[in-house]
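Structure assessment
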Amino acid sequence: MAPPAAAAFASQVVRGRWFMAYGSFLIMSAAGATYIFGIYSKDIKSTLGYTQEQLNTVGFFKDVGANVGIHAGLVAEVTPPWVVLAVGAAMNLGGYLMLYLSVAGKVRPAPPLWLVCLYIAVGANSQAFGNTGALVTCVKNFPESRGVMLGLLKGFVGLSGAIFTQLYLAFYGPGGDTRPLILLVGWLPAAVSVAFLGAIRIIRAPPRSAAAARREYRALCAFLYVSLALAAFLMVAIVLEKSFRFTRAEYGVCAAVVLAMLLLPLGIVLREEAALFKYTGVGNAPTPARADDAPALPPPPAPQESSPKPTKTVGARLVAALRPPARGEDYTILQALVSVDMLLLFTATVFGVGGTLTAIDNMGQIGESLGYPQRSIATFVSLISIWNYLGRVASGFASEALLARHRVPRPLILAAVLLLTVPGHLLIAFGVPGSLYVASVVIGFCFGAAQPLILASVSEIFGLKYYSTLYNLCGTASPVGSYVLNVRVAGRMYDREAARQGAVAAAVAGKGVTCIGVRCYRESFVVITAVTVAAAVVTAALAWRTREFYAGDIYAKFKEGTGSGNNAIGEDSRAVLVEPKEQLL
């Protein structure tokens, strides 16, 4: 390839949609630092002299920071994605760096508990900014493949905990000191976000042909195959590392393989851009549209004289503002907030996903109460992580196929996923011997599968214009459900049973009272099972309400024939860079 052609091709690659998608995948693969809190939490507790209750308080603020991101969505409504990612990188570096300095004893005197909670909340909240900047941008750039894209993006988040673990073991060794892991969590996600600041932007291509859509789907399937290979390698590495004693060099080899597999999708990017480059010719890479390039519009017609219209009252204007558009059109934030559809979806997320979060957060104590050894409890956590990933990618691809071929409403698939969670909750409630392995797989898969379904439903029903905020609004439902079911239900019933056991309950130093036996979680998970079934019923009601909407072609406006044409490669050579500046309401 001649030097001018090579330069033009390189420019097209770094400015194209596929490189943007690749950058988003890497950002997501570094955005799950909150999932490995359990690895370094013991050093926070020991070095700062915390009780278990104080450590749980730190963990609670970590969860709040990771899941509350409405402000990130509002920022994304009025700024380009690179600003959102830059803010998130700064918060990640600042929050976790201060936490590391506090735990490492570099700050004297030791900060009070409230300040440590603030540090980890700020650091964890960077995850909301990273998700908003990368995930929302990908959904807007690939609107016809949003289910598949959400599955892939959320899948990489699910693998991020295992990726961080491999890098930590390679960089710092398998020693007992996990404080360097906090430092790694602080700088690595920030560095990845900064590296792709210029690539993550909204590039909307005109409507495309059926051939272009098929090519896009095949490319996304190639990304899926790479991520499946990565998940399989991580699973094998986790099993081997728990079975054998690895040296520092062997941990380094595992980490090198992980990094190489994260680079493999770059070949898919080059293949797709090379096909486009060959079709369009040199120098026709996507370029941002400028206002002065737009065709001149005819002058507006002169207003005709008419009788003055009566001025609407304040109440009439408010009713008009709250009246929702047709499903699939762009709702305002206020219209979505007062929508019955949003109420049903939010309720289902609170009680459906909240139940699976309760099981995941308590898996260690559940295993302890049922008499499982510590090695088995660690295996449960690994199983949840891997099956969480598989659930995310499976639901993303499967729901997209069912929607395209059979017009199955995505909320109906979500209802089925919530019902699939019920056996996992019942296995925990009745403590069937050896069943916690199966429960870990079922709950991990269903928790992962629910995420893309919820987020895709929001984008389809309420439109993409204010998706940044509405996406984060639904994200707040998970911690709400976790607080209600985990703290108020499971936590209280656990303590009550531990108190009832009396002499059977063992007072463990620094850990409070430990409950032993099936009854520790029986009542709470019976309650969780009941509310999960109720959440499935609520989701089925949403599917019934939206059945006519999903019976049609919800992606018709993105296809050829409803707008300007397109080539068969999959991307128009006149893709448009869009920076959202609209009003919020």
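Residues numbered from 1 in each chain as written. Predicted model: local features only at pLDDT ≥ 70, side-chain atom pairs only at ≥ 80, totals over all residues. Heavy atoms only, no water.

Going by the annotation in an unreviewed UniProt entry, the name recorded for the protein chain is Nodulin-like domain-containing protein, with Urochloa decumbens given as the source organism. Database annotation for the protein chain, UniProt heading Subcellular location (unreviewed entry): "Membrane". (UniProt positions renumbered as here; feature names shortened; annotations may be inferred.)

1. Considerations on empty space enclosed by the protein
To locate leftover empty space, one rolls a probe as large as a water molecule over the atoms. All told, the structure shown has five cavities of 30 Å³ or more when counted by the stated rule. If you add up the space inside the largest cavity, you get close to 150 Å³. Contributing to the lining of the largest cavity are 17 residues, with Ala31, Asn92, Ser126, Gln127 and Pro189 lying nearest its centre. Sorting elements by how many residues they give to the lining of the largest cavity places helix H7 (residues 113–141) first, with five residues. Grouping the amino acids of the lining of the largest cavity by side-chain chemistry returns nine nonpolar, eight polar and no charged. Mapped by element, the contributors of at least two residues to the lining of the second largest cavity are helix H6 (81–103) and H7. Here the lining of the second largest cavity gets four residues from one element, more than from any other, and that element is H7. In terms of residue class, the lining of the second largest cavity is built from seven nonpolar, four polar and one charged. (1 Å grid on protein atoms, 1.4 Å probe; cavity = no way out; pocket = protein on both sides within 12 Å on 5 of 7 lines; lining within 4 Å. Points joined across faces, edges and corners; volume = space filled by probe spheres on them. Helix = DSSP H or I, 4+ residues; strand = E, 2+ residues; numbered from the N terminus. Nonpolar A, V, L, I, M, F, W, Y, C, P; charged D, E, K, R; others polar.)

2. What about the state of the cysteines?
Across all of its chains, the model carries one disulfide by this definition. Covalently, Cys515 is tied to Cys520 through a disulfide, its sulfur atoms 2.0 Å apart. Looking along the S-S bond of the Cys515-Cys520 disulfide, the torsion reads about -95 degrees, which is the left-handed sense. Cys520 gets classed as buried once you look at its relative accessible area, which sits at 1%. (Disulfide = S-S within 2.5 Å. Buried < 20%, exposed > 50% of the residue type's maximum accessible area, 1.4 Å probe, protein only.)

3. What to know about a nonpolar patch on the surface
On the surface, Phe60, Phe61, Phe351, Val480, Tyr483, Val484 and Val487 cluster together to form a nonpolar patch covering roughly 530 Å² of accessible area. Contributing elements (two or more residues each) for the nonpolar patch: helix H4 (52–67) and helix H21 (477–501). Looking at the nonpolar patch, the element that brings in the most residues is H21, giving four residues. Given the relative accessible area of 31%, Val484 is considered partly exposed. (Patch = residues over 30% accessible without salt bridge, like charges linked within 9 Å, V, L, I, M, F, W, Y side chains within 5 Å. Areas by Shrake-Rupley, 256 points an atom, 1.4 Å probe, with all protein chains shown as cover. Salt bridge = Lys/Arg side-chain N within 4 Å of Asp/Glu carboxyl O.)

4. Examining unusual backbone geometry
The omega torsion across Arg108 and Pro109 is -5 degrees, close enough to zero to call that bond cis. Tracing the chain through its elements places Pro109 in the loop between H6 and H7. Positive phi outside glycine occurs at Arg407, with the angle close to 55 degrees. Considering the arrangement of structural elements, one finds Arg407 in the loop between helix H17 (374–406) and helix H18 (410–430).

5. Focus on the pattern of salt bridges
Within the structure shown, the criterion is met by nine salt bridges. The salt bridge involving Arg327 is made with Asp341; its shortest N-O contact spans 2.7 Å. Of the two residues, Arg327 sits in the loop between helix H13 (314–322) and helix H14 (333–337) while Asp341 sits in helix H15 (residues 340–361), which places them 14 residues apart along the sequence. In this structure, the salt-bridge partner of Arg496 is Glu523, at a minimum N-O distance of 2.5 Å. Within this pair, whereas Arg496 is found in helix H21, its partner Glu523 is found in helix H22 (residues 519–545), the two being separated by 27 residues in sequence. Looking at Glu523, the relative accessible area reads 40%, which means it is partly exposed. Connected via shared salt-bridge partners are Arg215, Arg271 and Glu272.

6. What to know about the packing of helix H2 (residues 17–29) against helix H10 (residues 210–243)
With their axes 13 Å apart at the nearest point, H2 and H10 run at an angle of 30 degrees to one another. Between H2 and H10, the angle is such that the two are roughly parallel. H10 is crossed by H2, and the crossing has right-handed handedness. Two secondary-structure elements touch here, H2 through Arg17, Trp18 and Phe25 and H10 through Glu216, Ala219, Leu220 and Phe223. Considering only residue class, the contact of H2 with H10 consists of five nonpolar, no polar and two charged. (Axes fitted to C-alpha atoms, helices over the stretch in contact; angles between N-to-C directions. Parallel < 35°, antiparallel > 145°, perpendicular 65-115°, else oblique. Left-handed = near helix turned anticlockwise from the far one by under 90°. Contact = heavy atoms within 4.5 Å.)

7. Digging into the side chain of Glu400
Take Glu400: it is sitting in helix H17. For Glu400, the residues in contact, after removing those within four places along its chain, are Glu144, Ser145, Arg146, Gly147, Val148, Arg410 and Tyr555.

8. Some words on H7
Taking 1.5 Å of rise per residue, 29 residues should cover 42 Å, and H7 covers 43 Å from first to last C-alpha, within 8% of that figure. Of all the bends in H7, the greatest, near 25 degrees, is centred on Asn131. Among the 29 residues of H7, 25 are classified as buried, and the element is accordingly described as predominantly covered. (Expected span 1.5 Å × (residues − 1). Bend = angle between axes of the 7 residues up to and from the residue.)

9. Structural notes on the packing of helix H8 (residues 146–172) against helix H19 (residues 436–462)
As a packed pair, H8 and H19 sit with axes 9 Å apart at the nearest point and diverge in direction by 140 degrees. Relative to H19, the element H8 lies oblique. Where H8 crosses over H19, the two elements pack in a sense that is right-handed. Facing H8, whose interface residues are Arg146, Leu150, Gly151 and Lys154, H19 presents Gln451, Pro452, Leu455, Ala456, Ser459 and Glu460. Taken together, the residues of the contact of H8 with H19 sort by class into four nonpolar, three polar and three charged.

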